Amino acid sequence: MNFLNYVIRRLLLLIVVLFGVTIIIFALLSLFSPAQRASAFIRDIKQLSDLNDIIRTYGLDKPIYVQYFVWLKQIFHGNFGWSTTVSRTVLEAFKFFLPNTIELALFSAPVIILVGIWLGSLSAVYRDKPIDHFTRILAIVGWSLPTFWFGLVLLMIFYGYFKGLFPPEVLSLEAQNFVNSANFIRYTHMNTIDALLNGKLWIFFDALRHLVLPVITLTVVQIALVMRIMRSSMLEAMGKGYVLTARAKGANWKTVIKKHARKNALIPVITVSGWLFAGMMGGVVITETIFNRKGLGWWWARAATQLDIPAVLMAVLFNGVLFVLTNLIVDLLYAYVDPRVRLK
Amino acid sequence: MFFIKKRRIVLDFEEHPRLKEFSFSFKRFIKNPLSVTGFSIIFIFFLIAVFAPVLAPPKWPHEPFRIPHQGFAMIPKPPSPEHPFGTTTKQYDIFYGVIWGTRTAFRIGFMVVGSILIIGVTVGSISGYFGGVIDEIIMRIVDIFMSLPTLILAMAIVTALGRSLDNIMKSLIIVGWPIYARTIRGSVLTLREEDFVKAARALGASHFKIIFKHILPNAIYPVLILASLDIGSMVLTAAALSFLGLGAPEGYADWGQMVSLARNYIVGPPGQPLLYWYVVTIPGLFILFFVLGWNLLGDALRDIFDPKQRRR
């Protein structure tokens, strides 16, 4: 019963936050002229010619709170407007760009979390030894790296010096042609997964080669957070009574670390992984721009420089929803793993 | 306190607990190699910023942030006696750009974090001290702001305000204050129940005086450490926004923009893949070291002041 209460409370908070996000978006929207705002209501390219009609229909010259509800209604009807940078409706563009971004996240997140946990616990176990100093310095340098510059340097070395070993963009030309041809069935629109499902290994490896540099860039910058949390929670766990008890009973040191300390130290990492996801979307904007990987981030970055308001608003809304949902999942997971949280 | 002993001014650390505390922290600070490294890096950048007019005399004295360039040739030129770091695309002098870019970086860091500190501390202490409905409303607003990634929200705000370096700074202030408000609120919430605050209230001190004289001096440390870490990360985010093309007009001394100018010259012509290495590497290293310096400093300060980590 308690658990159900907890879930309901979190869901109510979710509604508050989502309303807040839409109000921020609307406040941003009201900084633009009516004609610019009208583009947020367009459904297809033919409507571009009669902006004045749209301004009148949607009451863009009416008081601001009236406009808010009109706009909210449009959002609930799934009308997010017209994105001028890619000449499609925002919803179409979103569906088009989403798979590439999910693919990048799918490959980066496990690397960030697993390597982060590994390095963090290594650093805690060998505290104040050279390996600890090394990983800590690595983390702080990674945290200070400008993502956009690091990606470019990687390109200079692995694309330039090693003659196209790890190229930018999503696929090489021949693979792209094959993927677009009729004998390749797009199940998920994610190149690596579709290639495996179609049994075309060469496309899989081609897509993988294009993923290496973006994944490295995202990982190096994001890993510091996981490492730091893992290190401190591991240190705390290693000082606990049950670890000492296990040692006193004669359990092997490695077993104690793996089964007693590390398992309990993992809990805070679960919390951070929600934050990680949100931070990663910011990193994705930069990473996709550098490597010219046509995903959501690439689209949003171009939209921001070309005053494509509906696309930018979509970015804010999507990230708000994503953050709230991942945090909800994390909280539920947390409550599930740690009974102390849900009984409070 | 100070007093004269054998005709010498002596700092007596035994007398006042706050001075004792300060001396202890200072000793830890100079013993830690990371904090000394961080401080030295920042100090070098500070010198570069102060002596910028000597190191790179401006061509237009009333517009020192405009990078001089000779012609508009697209292809970068390698380092030479005339251009120590070479020139980037359109012949902007890289040396001049990074030197004056240091001033830009300090301005962004101090302006953004300074404003955030003032707003965050004021809002946070009001929220924590008065509690009730005000607290509830402010904290929900904080929740909403913190549910959006910094870069994406800042990007949206700059789009709305229009592209410029000043608007990047404004957007970072709008995005940055909530975490400070939340941190300060947490400390104020515990401190307002302390005996010394109750005593001050019983003596009839005003709310204003209680907050600024009794509560804030005890609550400010975690926020100051956060601020020193944030100077680096705010400069980094500002550089990223500049890189995306949301910053100052072309030719302004700004590190992020200089990396962005280098984008078409990452890979050299066939046979000489690393020909244009200096174009992207040099401005990037300036950003890296600047941010690293602040992060090392902030990290060390956190270790020193964090009561959980320090052991006497």
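About the cut-offs
Residues numbered from 1 in each chain as written. Chains lettered and ligands numbered in written order. Predicted model: local features only at pLDDT ≥ 70, side-chain atom pairs only at ≥ 80, totals over all residues. Helix = DSSP H or I, 4+ residues; strand = E, 2+ residues; numbered from the N terminus. Buried ≥ 20, exposed ≤ 12 C-beta atoms within 10 Å, placed from the backbone. Contact = placed C-beta atoms within 7 Å. pLDDT = per-residue confidence, 0-100. Nonpolar A, V, L, I, M, F, W, Y, C, P; charged D, E, K, R; others polar. Expected span 1.5 Å × (residues − 1). Axes fitted to C-alpha atoms, helices over the stretch in contact; angles between N-to-C directions. Parallel < 35°, antiparallel > 145°, perpendicular 65-115°, else oblique. Left-handed = near helix turned anticlockwise from the far one by under 90°.

Before going further, it helps to examine the overall build of chain A. Check the secondary structure of chain A and you find 15 helices and two strands. Expressed as a percentage of the 344 residues in chain A, the buried residues total 41%. Within chain A, contacts between residues at least 6 apart in sequence are counted, and of these 71% link residues at least 24 apart.

Next up on the list: the overall build of chain B. Counting its regular elements, chain B contains eleven helices and two strands. When the helices and strands of chain B are read in sequence order from the N terminus, they spell out β-β-α-α-α-α-α-α-α-α-α-α-α. If you line up chain B on its principal axes, its C-alpha atoms span 75 × 60 × 40 Å. Of all 312 residues assigned to chain B, the portion counted as buried reaches 45%. Within chain B, residue pairs in contact and separated by at least 24 positions form 68% of the contacts whose partners lie at least 6 positions apart.

A separate point is unusual backbone geometry. Of note, Asp128 of chain A is a non-glycine position whose phi angle comes to about 65°, a positive value. Mapped onto the secondary structure, Asp128 of chain A falls in the loop between helix H5 (90-125) and helix H6 (130-144). Unusually for a residue other than glycine, Lys90 of chain B sits at a positive phi of about 60°. In this structure, Lys90 of chain B sits in the loop between helix H3 (52-55) and helix H4 (94-130). Exposure remark for Lys90 of chain B: the 17 C-beta atoms within 10 Å place this residue in the partly exposed category.

Residues and elements named next belong to chain B. Summing up the model confidence of chain B, the mean pLDDT is 85 and the portion of residues at 70 or higher is 93%. Of all helices and strands in chain B, the one with the weakest mean pLDDT is strand E1 (residues 2-5) (50), whereas H4 scores best (93). The complex model carries a pTM of 0.87, and its ipTM stands at 0.85.

This part covers the interface of chain B and chain A. On the chain A side, the residues contacting the 42 residues of chain B number 42 residues. At the level of elements, helix H5 (132-146), helix H6 (150-161), helix H9 (207-243) and helix H11 (277-305) of chain B are the ones that each hand at least two residues to the side of chain B that touches chain A. With eleven residues, H11 of chain B is the largest single contributor of residues to the side of chain B that touches chain A. Considered class by class, the residues forming the side of chain B that touches chain A number 29 nonpolar, nine polar and four charged.

Quick look at helix H10 (residues 201-238) of chain A now. Residues that lie three or four places apart on an α-helix share one face, since the helix turns once every 3.6 residues. With 38 residues, H10 of chain A extends just 45 Å between its outermost C-alpha atoms, more than 12% less than the 56 Å of an ideal straight helix rising 1.5 Å per residue. Burial runs high along H10 of chain A: 27 of the 38 residues are buried.

Viewed as axis vectors pointing N to C, helix H14 (residues 309-337) of chain A and H6 of chain B meet at an angle of 155°, and their least axial separation amounts to 10 Å. If you check the angle between H14 of chain A and H6 of chain B, you find them roughly antiparallel. When you trace H14 of chain A past H6 of chain B, the crossing you get is left-handed. Touching Val312, Ala315, Val316 and Asn319 of chain A of H14 of chain A are Ile152, Leu153, Ala156 and Thr159 of chain B, all from H6 of chain B. Looking at the contact of H14 of chain A with H6 of chain B residue by residue, the classes come out as six nonpolar, two polar and no charged.

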